[in-house]
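Chain by chain, the residues run as shown.
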Amino acid sequence: MKILKKQDPKIYKAIAGELKRQQEGMEMIASENYVSEAVLEAIGSILTNKYSEGYPGKRYYGGQEYIDVVESLAISRAKELFGAEHVNVQPHSGAPANMIAYSAVLQPGDKILGMDLSHGGHLTHGHPVTLSANIYKFVGYKTEKNGKIDYKKLEALAIQEKPKMILAGFSAYTRQLDYKKFAAIAKKVGAISMIDIAHIAGLIAGKAIPSPVPYFDIVTTTTHKTLRGPRGGMVMCKEKYAKAIDKATFPGFQGGPHEQVIAGKAVAFGEALKPAFAKYARQIILNAKVLELELKNYGFKIMFGGTDNHMVLVDVFGSKGVTGKEADAALDKIGITVNKNVIPDDPRSPMDPSGVRIGVAAVTTRGMKEKEIKKIAQWIALAIENHTDEKILKVIHTDVMTLCKKFPLYKNLNW
Ligand code: DSN
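Residues numbered from 1 in each chain as written. Predicted model: local features only at pLDDT ≥ 70, side-chain atom pairs only at ≥ 80, totals over all residues. Heavy atoms only, no water.

Brief notes about the nonpolar core
Nonpolar side chains tend toward joint burial in soluble globular proteins.
Phase 1: Counting 97 residues, the largest nonpolar core has M26, F82 and I336 as its most contacted members.
Phase 2: Tallying contributions element by element places helix α16 (residues 370-385) first for this core, with eight residues.
Phase 3: Within the second largest apolar cluster, 21 residues are counted, among which are M194, A242, I245 and A248. (Core = buried A, V, L, I, M, F, W, Y, C linked by side-chain atoms within 4.5 Å. Buried < 20%, exposed > 50% of the residue type's maximum accessible area, 1.4 Å probe, protein only. Helix = DSSP H or I, 4+ residues; strand = E, 2+ residues; numbered from the N terminus.)

Describing the site of the ligand
Phase 1: As a structural note, the neighbourhood of the ligand is formed by S31, H122, S171, H199, K225 and R357.
Phase 2: A distance of 2.7 Å is found between an oxygen atom of the ligand and a side-chain nitrogen or oxygen belonging to S31.
Phase 3: Against a free-state accessible area of 230 Å², the protein chains account for coverage of 62% of the ligand. (Near = heavy atom within 4 Å. Polar contact = N/O pair within 3.5 Å; in protein donor to acceptor, adjacent residues only side chain to side chain. Areas by Shrake-Rupley, 256 points an atom, 1.4 Å probe, with all protein chains shown as cover.)

A closer look at the sheet that holds strand β15 (residues 355-359)
Phase 1: Pairing within the open sheet is antiparallel, and its four strands lie in the order β11-β12-β15-β14. Of all strands in the sheet, those with a lone pairing partner are β11 (301-302) and β14 (339-341), marking the two edges.
Phase 2: Set on the sheet, helix α12 (residues 275-297) makes contact with β11, β12 (311-315) and β15; between it and β12 the angle comes to about 20 degrees. (Pairing = 2+ DSSP bridges. Contact = heavy atoms within 4.5 Å. Axes fitted to C-alpha atoms, helices over the stretch in contact; angles between N-to-C directions.)

What about the environment of A104?
Phase 1: In this structure, A104 sits in helix α5 (residues 94-105).
Phase 2: Relative accessible area serves as the criterion here: at 19%, A104 is assigned to the buried category.
Phase 3: Along the sequence, A104 and G252 sit 148 residues apart, while their C-alpha atoms lie 8.5 Å from each other.
Phase 4: If sequence neighbours within four positions are ignored, A104 has contacts with A244, I245 and A248.

Here it is in structure tokens:
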């Protein structure tokens, strides 16, 4: 970054500061990860200069011979990775991918059954503050006391509400969904089935958990969470919906695709097709289970009864009388970044909820395994229990930084 450093030292300094923060701290926000140096090179490339509205072989502007290679590779690798019939790699991120999917197959006012946000769903699955909730009518389903979805209840709700779409997927739910049951309910009521796999796409690609792709009409995802690609989105679907999805993406919702990011997606998909990625995905599951069990031992209530994926949702207020905001701040001080999060039907506000969400994908990318996760759980417990004791927090912070130094990031990056 020699040129940037000279030309715009303020921006350079902020980027260098962020790199140091990422290297010295422990990233445990469940939706974050570290891309490879090859992905960084692709997204920082001159592909950013090109406009390429349309699709490979059918573009509106000239000069697409190399762009078409990049986008075609991204599509074919995604198809191979997920076994999808059709893939659109142009969505800029997860929220656009969901809006594209809704608008491809629904009319304004149509009804969608989606998971309630406080039970682990996502803002774009029907929260009233979103544009999609202004256009479509969302009805929320919830989890039970045991943390599972009652599929009989979901079926009864679907029969009563007659939705046009049944939407599965989440951003803070931690259990394995029964894909076949979702698909069967959708079929029974004549609804389109859609699943948002943004959080678990890497686990599915790495075959660490089952794939929903064969069962659902439409599958949306981001590419930057467990999948470990650049910040972006993607829509997969059955051939039957291919034309509608492509049309809804461009010209329906977006203009020119970001081909430098699409190149980064292609590189990341190439990485995910290698055996090392499956190993990483399996290690995520092992690490998350250790985190769950260790935190339980330290007296924390783990929501939904535990985890089957890469994250845990912890009721810190119910367990220790410390609010989500206080716990988040204390963990920040020791160099462990998490996010405060609502728990099902949280009586507290989203700005200071009862829980924190903790994910292990990024630390797994760094190479941390069960032994390190046990240490991390101990530090998390100590920091939350002593969240007002600056001295203790400082000592733990030193330990966190020492561990991070043993698992360096970006060894070849010459910044
Ligand atoms: N912000 C992402 C997450 O943290 O889950 C989802 O949009």
